[in-house]
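Structure assessment
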Amino acid sequence: MCQLLGMNCATPTDFNFSFRGFKCRGGNTDIHAHGWGIAIYEGRGVRTFHDPLPCAQSPIADMVSSYPIKTLNMMAHIRYATQGGVSLENVHPFQREMWGIQWTFAHNGEVPKFTTAEVPMLGCCTKRNYFPVGNTDSEGVFCAMLDALHAEFTTLPTLPVLY
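Nothing here was measured: the structure is a model prediction, and the numbers come from that model.

1. Topic: the pairing of strand β2 (residues 36-42)
Judged by how many residues are buried, β2 sits mostly within the fold: 5 of 7 residues are covered. Sheet topology note: the β2/strand β3 (residues 45-51) ladder contains 7 bridges and is antiparallel. Residue pairing for β3: Glu-42 is matched across the bridge by Gly-45. In this structure, the hairpin formed by β2 and β3 is closed by a connection of 2 residues, where Gly-43 is found at a positive phi of approximately 60°. Pairing geometry for β2 and strand β4 (residues 70-78), over 5 bridges, is antiparallel. Bridge pairing in β4 links Ala-39 to Met-75.

Here it is in structure tokens:
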């Protein structure tokens, strides 16, 4: 299975120390050598980096690990491919826009109902607005969740409404 690193902070924080240790697990100290990605939120924007190379061997990962970006929220993913081939389009985190917000999604594990080419619809969804680019079950789940939210709400709901 894949591995995830996430940070949610009260004040902008530099994640470099944690990421340097994490990137070693991507093909050096562990078997997760099928690509990696990171999403770093900065205000309303999100900075993303992806590479199908093992994280431990990636020049992009080296740059990210030495670049002092401070953030409130970030997620990183190192991949051990079980669904979908080793390719750039299958590297997490996936990103889509909805309601003027950049949404990102990374997942660890398998979702059997989403391993086929036809992604199931969730909730009251009857129309697809989001489509996977790659062929992982994780991206299929992400698109299905966004479609379900889009079908239920025309604008961003408040947290109490979602719960």
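2. Overview of the sheet that holds β3
Strand order in the open sheet made by the 4 strands is β1-β4-β2-β3, with antiparallel pairing throughout. Each end of this open sheet is capped by a strand with a single partner; those strands are β1 (3-14) and β3. Adjacent strand axes in the sheet meet at a mean angle of 10°, parallel and antiparallel pairs treated alike. With respect to the sheet, helix α1 (residues 16-24) is in contact with β1, β2 and β4, its orientation differing from that of β1 by roughly 170°. Against the sheet, helix α2 (residues 59-66) contacts β2 and β3, and its axis sits at roughly 140° relative to β3.

3. Quick look at the packing of aromatic side chains
Each pair of aromatic rings is reported with the distance of its centres and the angle of its planes. Counting across every chain of the model gives 4 aromatic pairs. When the centroid spacing of 5.8 Å and the interplanar angle of 50° are considered together, the rings of Phe-19 and Trp-36 count as tilted. One end of the pair, Phe-19, is in helix α1; the other, Trp-36, is in strand β2, and 17 residues separate them in sequence. Both residues of the pair, Phe-19 and Trp-36, count as buried. Consider the rings of Phe-105 and Phe-142, whose centres lie 5.2 Å apart with planes at 5°: the pair is stacked. Taken as a pair, Phe-105 in strand β6 (residues 101-105) and Phe-142 in helix α3 (residues 137-152) lie far apart in primary sequence, 37 residues in all.

4. Thoughts on the packing of α1 against α2
As a packed pair, α1 and α2 sit with axes 8 Å apart at the nearest point and diverge in direction by 155°. One element, α1, and the other, α2, form an angle in the roughly antiparallel class. Judged by residue contacts, Asn-16, Phe-19, Arg-20 and Lys-23 of α1 engage Ala-61, Asp-62, Val-64, Ser-65 and Ser-66 from α2. For the contact of α1 with α2, a count of residues per class yields 3 nonpolar, 3 polar and 3 charged.

The rules behind each value
Residues numbered from 1 in each chain as written. Predicted model: local features only at pLDDT ≥ 70, side-chain atom pairs only at ≥ 80, totals over all residues. Heavy atoms only, no water. Buried < 20%, exposed > 50% of the residue type's maximum accessible area, 1.4 Å probe, protein only. Helix = DSSP H or I, 4+ residues; strand = E, 2+ residues; numbered from the N terminus. Pairing = 2+ DSSP bridges. Axes fitted to C-alpha atoms, helices over the stretch in contact; angles between N-to-C directions. Contact = heavy atoms within 4.5 Å. Phe/Tyr/Trp six-rings, centres within 6.5 Å; stacked < 30°, edge-to-face > 60°. Parallel < 35°, antiparallel > 145°, perpendicular 65-115°, else oblique. Nonpolar A, V, L, I, M, F, W, Y, C, P; charged D, E, K, R; others polar.

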